[in-house]
Each structure stands twice: as C-alpha cells, then as structure tokens.
Amino acid sequence: MVIQDSSIYASSPDYNVGHPTTQAIAKGVQLLRPGIAKESSTSMHARRLEPSDIEFFKSYGYLIKRGVLATETDAISQANELFWDSVPKQALRRDDPQSWLDDPASHWEEADHARVGSLVGTNWKMRSRGIRGIGTESCLVAGLANHPKMLKLASAFLAAPVRPVHRARGIYGVFPMRDEAHDRLFPHGDYMASQLSAMVLLGDVGPNCGGFTLWPGSHHRMHLCWDRVSGSVITGERAETYPAMRDQLLKDTEPVEFTGRAGDVIFWHPRVIHSAGVNRSGDSAEPMVRLIAPIDYQRAGETYLDDLEFGPGPKYQWWVDTRNVQEDVASAPDNIWFGWSFK
Ligand SMILES: O=C(O)CCC(=O)C(=O)O
Ligand SMILES: [Fe+2]
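In short, a report on the structure. (Residues numbered from 1 in each chain as written. Chains lettered and ligands numbered in written order. Predicted model: local features only at pLDDT ≥ 70, side-chain atom pairs only at ≥ 80, totals over all residues.)

**Quick word on the site of ligand 1**
Close contacts around ligand 1 come from Lys125, Tyr172, Asp190, Phe212, His274, Ala276 and Ile292, and that covers them all. Residue composition of the shell around ligand 1, grouped by class: four nonpolar, one polar and two charged. (Near = placed C-beta within 6 Å. Nonpolar A, V, L, I, M, F, W, Y, C, P; charged D, E, K, R; others polar.)

**Side note on the sheet that holds strand β10 (residues 274-275)**
A sheet is described by the order of its strands in space; here four strands give the open sequence β1-β8-β7-β10, paired in mixed fashion. Every interior strand has two partners, whereas the edge strands, β1 (35-36) and β10, have only one. Bridge count between β1 and strand β8 (residues 256-257): two bridges; the pairing is parallel. Across the sheet, Ile36 pairs through a bridge with Glu257, a residue of β8. (Pairing = 2+ DSSP bridges. Helix = DSSP H or I, 4+ residues; strand = E, 2+ residues; numbered from the N terminus.)

**Quick notes on the nonpolar core**
Core analysis: the biggest nonpolar cluster contains 75 residues, and Tyr62, Val200, Leu202, Ile266, Phe267 and Ala293 have the highest contact counts within it. Sequence-distant contacts of Tyr62, defined by excluding residues within four places in its chain, comprise Ala37, Phe57, Leu214, Pro216, Ile266, Phe267, Trp268 and Val272. Counting seven residues, the second largest nonpolar core, distinct from the first, contains Ala193, Phe310, Trp319 and Val320. (Core = buried A, V, L, I, M, F, W, Y, C linked by C-beta atoms within 7 Å. Buried ≥ 20, exposed ≤ 12 C-beta atoms within 10 Å, placed from the backbone. Contact = placed C-beta atoms within 7 Å.)

**Re unusual backbone geometry**
With an omega of -5 degrees, the peptide bond running from Gly311 to Pro312 counts as cis. By secondary structure assignment, the location of Pro312 is in the loop between β12 (304-305) and β13 (324-325). Positive phi is not limited to glycine here, since Asn208 has a value of about 60 degrees. Considering the arrangement of structural elements, one finds Asn208 in the loop between β6 (196-201) and β7 (213-214). Judged by the 19 C-beta atoms lying within 10 Å of it, Asn208 is partly exposed.

**A short note on helix α8 (residues 238-252)**
Three or four residues apart is the spacing at which side chains of an α-helix point the same way, because the helix has 3.6 residues per turn. Relative to the 21 Å expected for 15 residues at 1.5 Å per residue, α8 spans 21 Å between its end C-alpha atoms, a close match to the ideal helical length. Among the residues of α8, those classed as buried are Tyr242, Arg246, Leu249 and Leu250. Looking straight down α8, one finds its buried side chains confined to an arc of 100 degrees; they lie on one side. Away from the buried face of α8 by more than 90 degrees, exposed residues Ala244 and Asp252 are located. (Expected span 1.5 Å × (residues − 1). Arc of directions from axis to C-beta.)

**Some thoughts on the pairing of strand β11 (residues 290-297)**
For β11, the tally of buried residues reaches eight of eight residues, placing the bulk of the element in the interior. Every second residue of β11 is oriented toward a common face, with Arg290, Ile292, Pro294 and Asp296 on one face and Leu291, Ala293, Ile295 and Tyr297 on the other, all of them buried. As paired strands, strand β5 (residues 171-174) and β11 are joined by three bridges and run antiparallel to one another. Bridged to Gly173 within β11 is Leu291. With six bridges connecting them, β6 and β11 associate as antiparallel partners. Counterpart to Ser197 in the pairing with β11 is Asp296.

Right, here's the structure in full:
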C-alpha cells in the first residue's frame, strides 16, 4: 500500500541521513577530473533502443539518447518558466546573471527550503511536498516523463510496460558561482528504489557547466552492496562495504559529465554513483544555469511498498515516485540484470 497522506510527516527531513549511502567519503580520497560522457554508436536514434545501446548501457551504466524530447519545446519552456517563477521574491532572475553569481543560497529564508526545495551552495533541488507539489506539473509529467517516446524507451529497458509517472523528482538547477569553495563534486548513490532513471536536459549544457556527472561502470561495483536488486535497503555488513566500495571506485575511476542540448536524455542505472557537476560558467562570457528534470521509472503491475525506515515514502524521499516492490529479489553475483530486457 502506498500511503497518500504525508501531512503527519510534514516536518521530517528530505533525506534519511542514517542511510549507509550517506556515509562520508573517507579523508584523503582524491576525485579524478571529469571527462565528457561518451555515446553509443546509436545515441542519435531517439526512438529505439538498439543492440549497441544495450551493450553500452550494460558496460557503463548510462546511455545518452540525443534529441528524444527536443521537439517538446512548449513543455521545456514551461519548465524553465516554472523554475524561474518559483524563485523566492524573484531574487534570482533569468535574464540577470549578476543576480546568481554571489551566493544564490543567501536569498532563501528558512521557510523557502521547504516551500520550493533546498538551495545548498550552488544546487537548487526545486521540489515540494504534496500530491500537487513541485514535480507534479503537467509540463514535467505529461510533457516529458510520460511522453510516449520516453515510455517506449523505458519499457524497452525494463522488458515490461512501465508504470505511468506521477511526479518528476522536480527541477534541479546548478548555478555558477565565483566562490571556489563550492567547486566540488558530491558523489553518492541514490536509494530511491528506481528500476531505471533518466535526466532530461531543459537547456543546453556545455562542458564544465554543471552537467550531471557519473562514474561509469559503478553499477557493477555497487550491485552487491545492496540487499536487493532495486530496493532502497542496505543492512548488515553491507553498510560498511557500501562506502568502502564507493571510495575505491572514486580513487580509480574517472567520472564523466553529461553535456548536450535541450531535450537530450541520459538514462542511467539506479545503482550508479553520481553527482551534480560543477558549473564554472561564472568565469566565462556566458554564465548559464544548468537545468535538468530527474525522472524515475519502474515496471507496471508490481506490488509497491512504502519504506518508512529507508524511504522512499511519505517520511523520506517523498519527492520520488518509485517504490520498493515485493517482487524484488536478493542481490546475487549473477543477477544484476534481474527484470531487465537483457542479461
Ligand atoms: O543535479 C544533479 O545533476 C544530480 C542530483 C542528484 O544526484 C540527486 O539529487 O540525487
Ligand atoms: Fe543523486
């Protein structure tokens, strides 16, 4: 049963800070410099999942599909308007880069973080609670997440019809900033019980402009650190192996950032280690704000469960549409692709 009434949890934090994925990165772990995310030879085929796409996704845990939603210019421009219209007191303005460059978070009062989503450093996760909260607007849900091309691609990955999406996570912005103290990646894994995740570009994003950044191949390395194949839970010894595996990955693997044009999509394996990128455009002639819509998919017709201890559910990760499912199985060395359309 998915609990609909979230009012009793209205004052709980967004995240479960006790979740093993949130353990700090060990001191002395040096992150490698990000490169640019690669494409499969068929990334330009926006309508189908080709065999070369599948091979690429299996190896690296991500797949770029160019231009899938490029024709959805109304939905994309409405999403951009929604973002800028939601800024408290219009303190950050779309056509006024000077308004963003000095500590954008200074404009958020205490109540704004809950009302329009938290802005920490340069990163605004624009979202809000409630069945009509930010993330549920039709430009995001009908216009992008449930667009027939997206549902078709998602079901080609998941070997089943996908459950229609009720909400995107929201709109996530990365502002440029001159203060180098904020020039950092925050690598982590999400615990949203998603079976397939996607980021849709809501504007053009060049290199070093805050592109969604991920560590290729990390889905393989992290698979056994989770209790089940897609669920949110990590217990027992895995609570220690998770951060150890992640830190080893960070030491030896070069991350890559997703660059492209409005309407391009990156599909990613939900166990991939990732981060928002660093937006250095503040020092360039054309400062820009990076905007994406993060979306999560799962198979239709499964038995969905709220997880009150780990999330997602009304208490933690309420902005996530995906849920744990009863049909999920224990993770094992040979079952990373359990439930996918390929082995
Ligand atoms: O904004 C991004 O690029 C990544 C956001 C993210 O990792 C998250 O919120 O889980
Ligand atoms: Fe994340």
